[in-house]
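Structural features, examined
Next come the chains, spelled out residue by residue.
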Amino acid sequence: PKHLGVHAGGLVIAPTALTDYLPLQQAAKETDDGRVVVTQWDMYPVEDMGLVKIDLLGNRSLAVIDDAINAVEANTGRRIEYSCFNPVDDPTTKEMVRKGDTMGCFYVESPSMRNLLKKLDCHTFDGLVAASSIVRPGIASSGMMQAYIERFHYVREHGEHDPSWYLHPAMRKALWETYGVMAYQEDVLKVAEAIAGMNPGDSDGLRKAMSKKRDFVAIERYRQLFVGGALAKGLERKTVDELWRQIESFSGYSFCKAHSASFALVSYQSAYLRAHHPAEFMAAVLSNYGGYYSSFAYISEAKRMGLRVLLPCVNKSMWHYTGAGDWIRVGLGQLRHIHFDSVLALLRERERHGPFRNLADILHRVPIPAADVEVLIRAGALDAIAGQRNRPELLRQLVLGAHGRKGTRRSKTSRGVLHTHLHDTDKGVYNTPLPMARPDGSQLRTAARERQRDNAQSDTGQLALFPAPELPEVDPVRDYDWQRVLASESQCIGFTVSAHPLSLFRRELKRFSVIRATELDRFIGKTVTLVGWQVTRKRLRTKQDEPMVFITFEDTYALYETVIFPRQYQKFASLTMRPGPFVVVGQVTEEYGALTVTVKDLHLLVETDDDTAPPPKYDVPPKAKPAVNTPRL
């Protein structure tokens, strides 16, 4: 090794001084108490010595839940106590989970998990515990996830188990709960002890050896123990080999049941907040950098939930996203190409001396670069105080008002750092920039008080604590066309807020007979045409080692899942590197309630006309608008 790495949250515990058991040394990492002391051994020798090793890992979804709970209290006065927050019997939450309407919810928001929830009609806590484990890669790749789904529906239809599921009578008792499928790590112990007669120490050694697939000598020894014990009990060699294949393919990725149960509880808590407090929940998801999807995907989902997404505002936005009732507002921390300390200066000045009255007031009170003010204007953050001026007029007044203004140029020693959001390769080219971390000390209760004060007092009624100079009057100029407005939002915020990008292509779409994604259930077995904006994708290879891809698209009505098999993927692979917009042609298939479009043709929409008229408001399905605290199922 060329250097030592320090685990972010790894702890080693011994009954006496650690130096009685293993060598220590100082790492390069320093804290206020000096250099960090680390073990000279990595995790495996530490574990082999019998010492207690604990990995403390963070979970963003716990921060989402905490922030949403605080926001609910600030907005409604109702406190949801986390220590007794157990919504597994809430009917609305259960129905949301059953239908896979779980985008933003911990661990159950990925396309594969949402499909699995639909296929299993997952409406109980125990069902979600099992689903959380069988969706793991090892079980899915071994074919046992599909077997679990089929057996679940067989039992629902016939009310009994098929004896052929159990390769040995002893498995009937050990794996009855999971229909003969090894779903948890404990199931490996049960099978090893019941089928091969292994003692508890050896069965747990098998589980540990295979969980990391690191000790090949030990794995071979346990394999011989398992095979020998099973054959001695009269099992056929073919049956023994199949059981070992299932154990080997499954153990390296499996959960213990307690792990799945703890995940399922957090999933239910997330789903409850989404169901009953959607604005606060989605704002917390966005403020904590989202989850499986990009920020823009969550913005689109919020709109489909019936929420209004508001542009950033210098007088009403906090650093992070805020939400209440039927709206979410973009935080100033989401803005791109603006200095960190410029945003903090705006927030601190507003907190000390009240809202800003106009552009001149900002230029007088806050010494930030004119380039940062330009970002605010282009993002729409000054629209509320612009009066009758449009954004081009504000930009021209900025140039005239900032000419010769002191403090507009930043010194070379400034600590300001430009916001340039890194491209997240895991989420692909369709990813939108993530919001920046909130500054220390920002609290959602303060955000609620700021909103109440801002809403109660008009901008024009504030006392002029600072006599702002009048900016020169200029002749009116033409406002930006709609395409330019959305382009500015995309550049300054990272995505479009005022409308979905698909709205720019409504003329081109008239040439196609597209259906809405919400109508797919009416066309099962038929070939349909849809419009799509890429949300996420998952590439994989077939058993023949050919590439294929699963892609989640959205129109302005819903998400829908597609699969592009190898033959079509060879033709369309380069297109899938673009976010869209696409025209998707494919056949609708249904499996246990989950719908998928098998793509036959895929091509990009190309804009043919310059349409300057603003599009209609964000399209929503032709249904009644959901109540504030009622999820749209």
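See the structure above.
Residue positions are counted from 1 within each chain, in the order its sequence is given. The model is predicted, so local features are restricted to residues of pLDDT at least 70 and side-chain atom pairs to those at 80 or more, both for listing and for counting; the totals for chains, interfaces and linings are taken over all residues. The basis for every side-chain value is the complete set of non-hydrogen atoms in the structure, without hydrogens or water.

**Here we look at the sheet that holds strand β11 (residues 582–591)**
Around the barrel, which closes on itself, the five strands sit in the order β8-β9-β10-β12-β11 with mixed pairing between neighbours. Direction aside, the axes of adjacent strands within the sheet are offset by 45° on average. Here, any two strands with at least 2 DSSP bridges between them count as paired. A run of H or I in DSSP becomes a helix once it reaches four residues, and a run of E becomes a strand once it reaches two; helices and strands are each numbered from the N terminus. Examined bridge by bridge, strand β10 (residues 559–564) and strand β12 (residues 594–604) share two bridges and lie parallel to one another. Across the sheet, the residue bridging to V563 is T598, located in β12. Here a residue-residue contact requires only that any non-hydrogen atoms of the pair lie within 4.5 Å. Every axis in this analysis is a line fitted to C-alpha atoms, fitted for helices over the stretch in contact. Angles between the N-to-C directions lie between 0 and 180 degrees. Against the sheet, helix α15 (residues 295–304) makes contact with β8 (527–541), β9 (547–554) and β10, and its axis sits at roughly 45° relative to β9, the strand it touches most.

**Points about the nonpolar core**
Here, nonpolar core means buried Ala, Val, Leu, Ile, Met, Phe, Trp, Tyr and Cys residues that are tied together by side-chain atoms lying within 4.5 Å of each other. Note on exposure labels: buried denotes an accessible area under 20% of the residue type's maximum, exposed denotes more than 50%, and partly exposed covers the range between, all computed with a 1.4 Å probe on protein chains only. Ranked by size, the top nonpolar core spans 138 residues in total, and within it L120, L128, F226, L273, L376 and L382 carry the most contacts. Here this core gets eight residues from one element, more than from any other, and that element is helix α13 (residues 257–276). For L376, the contacting residues outside a window of four places in its chain are V314, L332, L335, I338, L346, I368, A381 and L382. Counting 20 residues, the second largest nonpolar core, distinct from the first, contains A517, L520, L530 and L602.

**Some thoughts on the packing of helix α2 (residues 60–76) against α13**
With their axes 10 Å apart at the nearest point, α2 and α13 run at an angle of 35° to one another. For the element pair α2 and α13, the recorded crossing hand is left-handed. Between α2 and α13, the residues in contact are S61, L62, I65, A68 and I69 and V266, Q269, S270 and L273, respectively. Only Asp, Glu, Lys and Arg are considered charged in this grouping, and only Ala, Val, Leu, Ile, Met, Phe, Trp, Tyr, Cys and Pro are considered nonpolar; every other residue, Gly among them, is considered polar. Looking at the contact of α2 with α13 residue by residue, the class counts come to six nonpolar, three polar and no charged. By the definition used in this description, the sense in which the near helix is turned from the far one sets the handedness, with an anticlockwise turn below a right angle giving left-handed and a clockwise turn giving right-handed.

**Some remarks on the packing of aromatic side chains**
Note on aromatic pairs: the rings of Phe, Tyr and Trp (six-membered ring only in Trp) are paired at centre separations within 6.5 Å, and the planes decide the class, stacked below 30 degrees, edge-to-face beyond 60, tilted for the rest. Across all of its chains, the model carries 19 aromatic pairs by this definition. When the centroid spacing of 6.0 Å and the interplanar angle of 35° are considered together, the rings of Y107 and F255 count as tilted. Note that Y107 is positioned in the loop between α3 (91–98) and α4 (111–119) and F255 in the loop between α12 (237–251) and α13, a separation of 148 residues in sequence. Using a relative accessible area of 21% as the deciding quantity, one classes Y107 as partly exposed. Here Y293 and Y298 contribute two aromatic rings whose centre-to-centre distance is 6.0 Å and whose plane-to-plane angle is 80°, an arrangement assigned as edge-to-face. The residues Y293 and Y298 share a single accessibility class, namely buried.

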